[in-house]
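Descriptive structure summary
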Amino acid sequence: MKVVAFIGSARKNGNTATVVKQILAGSQSKGATTEVFYLHDYNIKPCQGCRYCEERNRCKITDDDVPVLHQAIIASDAIILGTPTYYGDITGQFKQFVDRCYPFCQIVTDGKGKMEFYSILPQRKLGILVAISGSMGPEVLDSHIKVAGHCFNDINAEFWRKILVPYTTWTPVTADHPVMATAFKTGEELVEAIANKKDG
Ligand SMILES: Cc1cc2nc3c(=O)[nH]c(=O)nc-3n(C[C@H](O)[C@H](O)[C@H](O)COP(=O)(O)O)c2cc1C
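Throughout this document, residue positions are counted from 1 along each chain, in the order its sequence is written. Selection of residues for local features in this predicted model requires a pLDDT of at least 70, selection of side-chain atom pairs for listing and counting requires 80 or more, and totals for whole chains, interfaces and linings are taken over all residues. Excluding hydrogens and water, the side-chain values take into account all heavy atoms of the structure.

1. Details of the pairing of strand E2 (residues 33–38)
The line we're drawing: Being paired, for any two strands, means DSSP has found at least two bridges between them. Here a helix means four or more residues in a row that DSSP labels H or I, a strand means two or more in a row labelled E, and each is numbered from the N terminus. Note on handedness: a crossover is taken as right-handed if, strands pointing away from the viewer, the path from the first strand over the helix to the second is clockwise.
As paired elements, strand E1 (residues 2–7) and E2 share six bridges and run parallel to each other. Counted as the bridge partner of Ile7 is Tyr38 from E2. Of the crossover connections in this fold, the one passing from E1 over helix H1 (residues 15–29) to the parallel E2 is right-handed.

What follows is the structure in C-alpha cells.
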C-alpha cells in the first residue's frame, strides 16, 4: 500500500510539510509505504495549453521531471496534496503541478456544449488536501479546495479528507499544535480506508 504526497512549499520543515509528514507517519505506523515529493525540487515546466493531451492522454512536454511525478501518481493508493497560501491562493509551484495533471483527464462531450471530466486512470485512490494560511482565515482556503477537487477528479481520487490550518503566522505548526493529533489519526485511518476499499 503506497501513500504519496506532493508539497507545494519549498520549506521542508515548514507548516505544510510538518502536517503532511505527520499524516504519513500515521500511515507508516499502520504499515503503509510513503513517499514525499517537494515540488520545488523538480523541474516542472508550465502547461503550454497546446491541448495535445486532450487527444492523446499524454503530455507533449517530455524533457522535464513531470513523468517521474506522474509515475508516482499512477503507482499510488492514496495521494496527499499540500499547499500553503501565497497571495490569497495556492502557490505557483503547486498550480504548475496541478495544470500538468491534465493528461490524466478524459473529456466526454455531448457536442452541445455539455462537458464531463473523468480520469483515464483505472485505479480509484483516496485523496487528502492539506491547506495552510498565514494571516488570513479559513475562507481563503476555498480556492485550494476547489483546485484540489479538480485535480483529484482527474487522477481518479475520491476527495476523502481535508485538513485546513489557518493563522500559522500566530500559531505555527509545532509538535504540540492540535492539528498534529488529527493528522496522525488521519494517516492511520487512511490505511484502514484503503484496506476496506481493496477488500470491497
Ligand atoms: C510570498 C508569500 C505570500 C503569502 N501570502 C499569504 C496570503 O495571501 N495569505 C495568508 O494567509 N498567508 C500568506 N502567506 C503566509 C503563508 O501562507 C504561511 O506562512 C504558511 O504557513 C507557509 O507555509 P509553509 O511553512 O508550509 O511554507 C504568504 C507567504 C509567502 C512567502
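What follows picks up the thread again.
2. Let's talk about helix H3 (residues 66–74)
In plain terms, the rule: Buried, partly exposed and exposed residues are distinguished by accessible area as a fraction of the type maximum, computed with a 1.4 Å probe on protein chains only: under 20%, between the cut-offs, and over 50%, respectively. The directions considered for the arc run from the helix axis to the C-beta atoms. Here, residues are in contact when the closest pair of their heavy atoms is within 4.5 Å.
All of the buried residues along H3 are Val66, Leu69, His70, Ala72 and Ile73. End-on, the buried residues of H3 take up no more than an arc of 160 degrees, which puts them together on one face. Along its buried surface, H3 packs onto E1, E2, strand E3 (78–83), helix H4 (92–99) and strand E6 (125–132).

3. Describing the pattern of salt bridges
Let me state the cut-off plainly: Each reported salt bridge corresponds to a side-chain nitrogen of Lys or Arg within 4 Å of a carboxyl oxygen of Asp or Glu.
Across all of its chains, the model carries ten salt bridges by this definition. Here Glu35 and Lys2 are joined by a salt bridge, their closest N and O atoms 2.9 Å apart. Taken together, the residues span a long stretch of sequence, with Glu35 in strand E2 and Lys2 in strand E1 at a distance of 33 residues. Residue class for Glu35 comes out partly exposed when judged on its relative accessible area of 32%. Across the salt bridge formed by Lys197 and Glu158, the nearest N and O atoms sit 3.2 Å from each other. Taken together, the residues span a long stretch of sequence, with Lys197 in helix H6 (residues 178–199) and Glu158 in strand E7 (residues 157–165) at a distance of 39 residues.

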